[in-house]
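# Commentary on secondary and tertiary structure
Okay, here's what each chain looks like letter by letter:
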Amino acid sequence: ASSLIWSTYLGGTADEGASALAIDSASNVFVTGWNNNGGFPTLNAPQSTFGGGVTNSQTGEIPIDAFVAKVKSDGTTLLYSTYLGGGEWDEAFGLAVEKDGCAHLAGTTAPRTVDRQIRGHALALTVRTHGAIRDGTTTDVQTNTGHDRR
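Quick caveat, the model's predicted, so the values are computed rather than measured.

### Section: the packing of aromatic side chains
- This structure, assessed with the given rule, holds 4 aromatic pairs.
- A ring pair is formed by F50 and Y83, whose centres lie 5.9 Å apart and whose planes are at 70 degrees; its orientation type is edge-to-face. On the criterion of sequence distance, the pair formed by F50 in the loop between β2 (29–36) and β3 (64–71) and Y83 in strand β4 (residues 78–84) is long-range, its members being 33 residues apart.
- Pairwise contacts between aromatic rings join F40, F50, F67 and Y83 into one cluster.

Given below as structure tokens:
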């Protein structure tokens, strides 16, 4: 028979959703997803504030930011949590973590442009923490974008 090892709540005052989970070599849990309108808890964050802007009055589209968070292996401590997003719509769908704790996210982002023909771009982010702590205090965030086929 199996039993629950631990569970916790990770969220804020707005809507959010988890899209992917990954576990590193120390059994720490990484989670990525989306948040709209802020209120998500951040800690040791390279982007501590919601960057999503405001609801589009013409389309009704609600802005969202991606997030990534790292939770200690026993579920007791949030090690880092950060927004990743700009002025419109940014969402992470995939997550992989290297042995050294480097998190790689995949998702989509809306361009900051009036040309809505280019609705979305593919988004690839690498969140690499530096130093002995490796818990998000400084990151090397690399983005690669290309057109998606939505």
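Alright, that's what it looks like, and here's the rest.
### Thoughts on the nonpolar core
- Of all hydrophobic cores here, the largest spans 12 residues; its members are A20, A22, F30, A66, V68, Y80, L84, A92, L95, V97, A103 and L105.
- Listed by contribution, the elements that provide at least two residues to this core are β1 (16–23), β3, β4, β5 (90–97) and β6 (103–109).
- For this core, the element with the highest residue contribution is β5, accounting for 3 residues.

### Some remarks on the pairing of β1
- Both β1 and β2 contribute to a ladder of 7 bridges, which runs antiparallel. Across the sheet, the residue bridging to I23 is V29, located in β2.
- From the end of β1 to the start of β2, which pair antiparallel, there are 5 residues, and S27 there has a positive phi angle of about 70 degrees.

### Concerning unusual backbone geometry
- Of note in the backbone geometry, S27 takes a positive phi value of approximately 70 degrees without being a glycine.
- Inspection of the secondary structure puts S27 in the loop between β1 and β2.
- For S27, a relative accessible area of 41% gives the class partly exposed.
- One non-glycine residue, N44, adopts positive backbone phi at about 50 degrees.
- In this fold, N44 is placed in the loop between β2 and β3.
- A residue is classified by how much of its surface remains accessible, and N44, at 30% relative accessible area, is partly exposed.

### Overview of the sheet that holds β2
- Across the sheet, 4 strands lie side by side as β1-β2-β3-β4; this open sheet has antiparallel pairing. Whereas interior strands pair on both sides, the edge strands pair on one side only; in this sheet they are β1 and β4. Sheet twist, expressed as the mean angle between neighbouring strand axes with direction ignored, is 20 degrees.
- Two strands pair when backbone bridges link them, and β2 and β3 are joined in this way by 8 bridges, in the antiparallel orientation. In the strand pairing of β3, V29 is matched with V71.

### Some remarks on the environment of I5
- Looking at where I5 falls in the secondary structure, it is placed in the segment before β1.
- Its relative accessible area of 77% is what places I5 among the exposed residues.
- Put simply, I5 and D74 are 69 residues apart on the chain and 8.2 Å apart in space, counted from C-alpha to C-alpha.

### A look at the confidence of the model for the protein chain
- Here the protein chain shows a mean pLDDT of 75. Residues at 70 or above account for 73%.
- Counting contacts from residues 113–122, a segment whose pLDDT is below 50, to residues more than four positions away or on other chains yields 31 contacts.
- With pLDDT under 50 throughout, residues 129–150 is counted as low confidence; its partners more than four residues away or in other chains account for 51 contacts.

Basis of the calculations
- Residues numbered from 1 in each chain as written.
- Predicted model: local features only at pLDDT ≥ 70, side-chain atom pairs only at ≥ 80, totals over all residues.
- Heavy atoms only, no water.
- Phe/Tyr/Trp six-rings, centres within 6.5 Å; stacked < 30°, edge-to-face > 60°.
- Helix = DSSP H or I, 4+ residues; strand = E, 2+ residues; numbered from the N terminus.
- Core = buried A, V, L, I, M, F, W, Y, C linked by side-chain atoms within 4.5 Å.
- Buried < 20%, exposed > 50% of the residue type's maximum accessible area, 1.4 Å probe, protein only.
- Pairing = 2+ DSSP bridges.
- Axes fitted to C-alpha atoms, helices over the stretch in contact; angles between N-to-C directions.
- pLDDT = per-residue confidence, 0-100.
- Contact = heavy atoms within 4.5 Å.

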